[in-house]
Amino acid sequence: MSPTCDLGRRRRPPMDVYSDPADMETSEKIQKSGVLQVFASLLTPQSSCTAKVANIIAEVARNEFMRNPCVDAGLIPPLVQLLNCKDQEVLLQTGRALGNICYDSHEGRNAVDHAGGAHIVVDHLRSLCSKTDPASEKLLTVFCGMLMNYSNENDTLQSQLINMGVIPTLVKLLGIHCQNAALTEMCLVAFGNLAELESSKEQFAYTNIAEELVKLFKKQIEHDKKEMIFEVLAPLAENDVIKLQLVEAGLVECLLEIVQKTVDSDKEDDIAELKTASDLMVLLLLGDESMQKLFEGGKGSVFQRVLSWIPSNSHQLQLAGALAIANFARNVVNKAKMLSAGVAEAVLKFLRSEMPPVQFKLLGTLRMLIDAQAEAAEQLGKNVKLVERLVEWCEAKDHAGVMGESNRLLSALIRHSKSKDVIRTIVQSGGIKHLVTMATSEHVIMQNEALVALALIAALELVTAEKDLENAQLVQILHRLLSDDRSAPEIKYNSMVLICALIGSEPLQKEVQSMAFLEVVSKLRSHENKTVAQQASLTEQRLAVES
């Protein structure tokens, strides 16, 4: 978020952008005249002109080129001392002056830090927090803005404020003064600046920030105001505890309503709001507890709602829907419920999407849904159109994610169904060569999934797959995997299991015998991994018998 500059006014970019030539000319004259040094002696609680001098400094410091001269003139220590006085007008103008000097000024911030200004201002916020008269609210607004200019984009100073306990105070301010637009906006700017730090999220989690932000969000009509709240919600929602608090506070209902209102709009603001709302929805689903809260109980229809996003004409919403459904499918308990609700069938329809990122997530969702779900795996694995599409995508080299997930889903269909019908469907669709290629992947997990699937094929339908396995040069690949010292233990183990299954085929057995596997396998008997060593002994015996 952008910080504030002129703290007595509405938040906007640096004031010098808007300063007219006359203002800049006056500031230049003040700088050259040496009057800044005189100001330092006038900044005393006893002086009747203190508030006016502080106001002049605040106005002068709206110009970027005047901030360092203000520091060099020694104005910071007397200004910080004025923070201890009781006169509200002096406090107001002093807060503005310090805040404007700190804006985007490393020297200004250091000087205020050294003089202990932040601590005094935080104490003022605490003492004034519950006061709702206009003068106090104006002062609170200025002090909030001063702290934000002081700490903006400076992790060290932001951590300092967090350690001073400013977050609970700011949350309390938001709750008490939610009817004051200027102060509310300043609190949101403050939250946006502080929420990026991990340490702040821990403090926010112990407040009722979720409830206050959702309550405030529901009142907003203007796009800009909603956007400000979104900018606070996004970093906060990265914390799992706050995710759950936001769900319980009713944020999801707000997000679903926004999506419904903006999905068919071509207005720029609506498109931006749609993206932010759907992205935030996905973020909430990344937390285990918040996701489960949305899936179960009174909010159980949420996954059906986000499922309906996928056939939308909005590419953004398609992707968000695919991401959301994939998050729901991460949970073991959810899978059976989602399958019985027809999610797999719905996802199959949406695979027609021409957006690779959407295809990638939907394929991953199907793979997660059939994990340990034999019936679902068999049903999908016998779907010829699906398998043919997967085989086609296994060659989609322009889209590595889609290609990888298609291979993994082919393997998963076999591994989780252990069905001869599924294997025959995959063989007839030309999928064997892709599983063999997958065994050479640079990712161990994909290699292993391919080898397990191929071992099941060899055990259940070797005759059907024999020719394809031979054409794909599986035996040569297995020899290479076993000979390579870099192959992971599980890869060596599953390669030997597969070799033992392949020698049940006469042509494949001949290939095995021609490649001196015995020599490679005998070396593995002394492998440091006991499981690999034991399988090597068993494989050696089997090869010796067959030779």
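Here is what the cut-offs are and how they apply
Residues numbered from 1 in each chain as written. Predicted model: local features only at pLDDT ≥ 70, side-chain atom pairs only at ≥ 80, totals over all residues. Heavy atoms only, no water. Helix = DSSP H or I, 4+ residues; strand = E, 2+ residues; numbered from the N terminus. Rg over C-alpha atoms; globule rule 2.2 N^0.38 Å. Buried < 20%, exposed > 50% of the residue type's maximum accessible area, 1.4 Å probe, protein only. Contact = heavy atoms within 4.5 Å. Disulfide = S-S within 2.5 Å. 1 Å grid on protein atoms, 1.4 Å probe; cavity = no way out; pocket = protein on both sides within 12 Å on 5 of 7 lines; lining within 4 Å. Points joined across faces, edges and corners; volume = space filled by probe spheres on them. Nonpolar A, V, L, I, M, F, W, Y, C, P; charged D, E, K, R; others polar. Salt bridge = Lys/Arg side-chain N within 4 Å of Asp/Glu carboxyl O. UniProt positions renumbered as here; feature names shortened; annotations may be inferred. Patch = residues over 30% accessible without salt bridge, like charges linked within 9 Å, V, L, I, M, F, W, Y side chains within 5 Å. Areas by Shrake-Rupley, 256 points an atom, 1.4 Å probe, with all protein chains shown as cover. Lys, Arg positive; Asp, Glu negative; His and termini not counted. Charge placed at Lys NZ, Arg CZ, Asp CG, Glu CD. Core = buried A, V, L, I, M, F, W, Y, C linked by side-chain atoms within 4.5 Å. Axes fitted to C-alpha atoms, helices over the stretch in contact; angles between N-to-C directions. Parallel < 35°, antiparallel > 145°, perpendicular 65-115°, else oblique. pLDDT = per-residue confidence, 0-100.

Novice: How would you summarise the overall build of the protein if you had to cite specific residues and measurements?
Specialist: Per the secondary structure count, the protein includes 36 helices and 0 strands. Relative to a compact globule of 547 residues, whose C-alpha radius of gyration would be 24 Å, the protein shows 33 Å and is clearly more extended. By its C-alpha atoms, the protein is 105 × 50 × 40 Å across when sized along the principal axes. Per-residue burial for the protein yields a buried fraction of 55% across its 547 residues. Within the protein, counting contacts between residues at least 6 apart in sequence, those at least 24 apart form 72% of the total.

Novice: Account for the state of the cysteines, naming residues and giving values.
Specialist: Summed over the entire model, instances satisfying the criterion amount to 0 disulfides. Left without a disulfide partner, Cys 85 is nearest to the cysteine sulfur of Cys 49, which lies 13 Å away. Judged by its relative accessible area of 13%, Cys 85 falls in the buried class. Cysteine Cys 187 remains unbridged, with the sulfur of Cys 144 as its closest cysteine sulfur at 4.6 Å. What makes Cys 187 buried here is its relative accessible area of 1%.

Novice: Please set out empty space enclosed by the protein residue by residue, giving values where relevant.
Specialist: One pass over the full model with this rule turns up 1 cavity of 30 Å³ or more. Considered as a void within the structure, the largest cavity measures approximately 30 Å³ in volume. With 4 residues, helix H14 (residues 209-219) is the largest single contributor of residues to the lining of the largest cavity. Across the lining of the largest cavity, the residue classes tally to 3 nonpolar, no polar and 3 charged.

Novice: Could you give an account of the layout of surface pockets, with specific residues and numbers?
Specialist: Roughly 330 Å³ of volume is contained in the largest pocket. Lining the largest pocket are 17 residues, and of these Met 403, Gly 404, Asn 407, Ser 441 and Met 446 lie nearest its centre. Elements supplying a minimum of two residues to the lining of the largest pocket: helix H27 (400-417) and helix H29 (432-438). The biggest single contributor to the lining of the largest pocket is H27, with 7 residues. Grouping the constituent residues of the lining of the largest pocket by class yields 6 nonpolar, 8 polar and 3 charged. Around the second largest pocket sit 15 residues that line it, and Gln 220, Lys 226, Glu 257, Ile 258 and Lys 261 are the ones nearest its centre. Here the element with the most residues in the lining of the second largest pocket is helix H17 (residues 251-262); it accounts for 6 residues. Taken together, the residues of the lining of the second largest pocket sort by class into 4 nonpolar, 3 polar and 8 charged.

Novice: Before we move on, can you summarise the pattern of salt bridges with the specific residues and values?
Specialist: Scanning all chains against the criterion turns up 23 salt bridges. Residues Asp 288 and Arg 330 are paired through a salt bridge, measuring 2.9 Å at the closest nitrogen-oxygen approach. Here the residue Asp 288 occupies a position in helix H19 (residues 288-295), and Arg 330 occupies one in the loop between helix H21 (315-328) and helix H22 (332-340), the gap between them amounting to 42 residues. Looking at Arg 330, the relative accessible area reads 33%, which means it is partly exposed. In this structure, Arg 424 engages Asp 421 in a salt bridge whose closest nitrogen and oxygen atoms are separated by 2.6 Å. Taken as a pair, Arg 424 and Asp 421 lie in helix H28 (residues 420-428) at a separation of 3 residues, close to a single helical turn. It is possible to trace a salt-bridge network through shared partners that takes in Glu 59, Arg 62 and Arg 96.

Novice: Outline the UniProt feature "repeat: ARM" (unreviewed entry) in the protein, supporting the account with residue identities and numerical values.
Specialist: Listed under "repeat: ARM" (unreviewed entry) in the UniProt record, and renumbered for this structure, are residues 74-116. Helix makes up 74% of residues 74-116 and strand makes up 0%, while its end C-alpha atoms are separated by 15 Å.

Novice: Help me get a handle on a negative patch on the surface, residues and values and all.
Specialist: Taken together, the side chains of Glu 222, Asp 224, Glu 268 and Asp 269 make up a negatively charged region of the molecular surface. Here Glu 268 shows up in helix H18 (residues 268-285). You can call Glu 268 exposed: its relative accessible area is 68%.

Novice: Describe the nonpolar core, with residues and values.
Specialist: Ile 57, Leu 79, Leu 147, Phe 191, Phe 328, Leu 469 and Leu 502 are the most contacted members of the largest nonpolar core, which totals 190 residues. Here Leu 79 is in contact with Leu 43, Ala 54, Ile 57, Thr 94, Ala 97, Leu 98 and Ile 101, once residues within four sequence places are set aside.

Novice: Any details on the environment of Lys 215? Residues and values, ideally.
Specialist: Residue position: Lys 215 is located in helix H14. For the pair Lys 215 and Thr 169, spaced 46 residues apart in sequence, the C-alpha to C-alpha distance is 18 Å.

Novice: A description of unusual backbone geometry should follow, citing residues and the corresponding values.
Specialist: At Glu 153, a position not held by glycine, the phi torsion is positive, near 55°. Following the sequence through the fold, Glu 153 ends up in the loop between helix H9 (134-151) and helix H10 (155-163). Although it is not a glycine, Ala 372 sits at a positive phi angle of roughly 65°. When you line up the elements, Ala 372 lands in the loop between helix H24 (356-369) and helix H25 (374-381).

Novice: Please set out the packing of H18 against H21 residue by residue, giving values where relevant.
Specialist: One can describe the packing of H18 onto H21 by two numbers: an axis separation of 9 Å at closest approach and a directional angle of 10°. Classed by the angle they form, the pair H18 and H21 counts as roughly parallel. Taking contact as the criterion, the partners of Leu 274, Lys 275, Ser 278, Asp 279, Val 282 and Leu 285 in H18 are, on H21, Gln 316, Leu 317, Ala 320, Leu 323, Ala 324, Asn 327 and Phe 328. Class assignment for the residues of the contact of H18 with H21 results in 8 nonpolar, 3 polar and 2 charged.

Novice: Before we move on, can you summarise the confidence of the model for the protein with the specific residues and values?
Specialist: On average, residues of the protein score 88 in pLDDT, and 93% of them reach the 70 mark or higher. In the predicted structure, residues 1-22 sits below a pLDDT of 50 and forms 62 contacts with residues beyond four places in sequence or in another chain.

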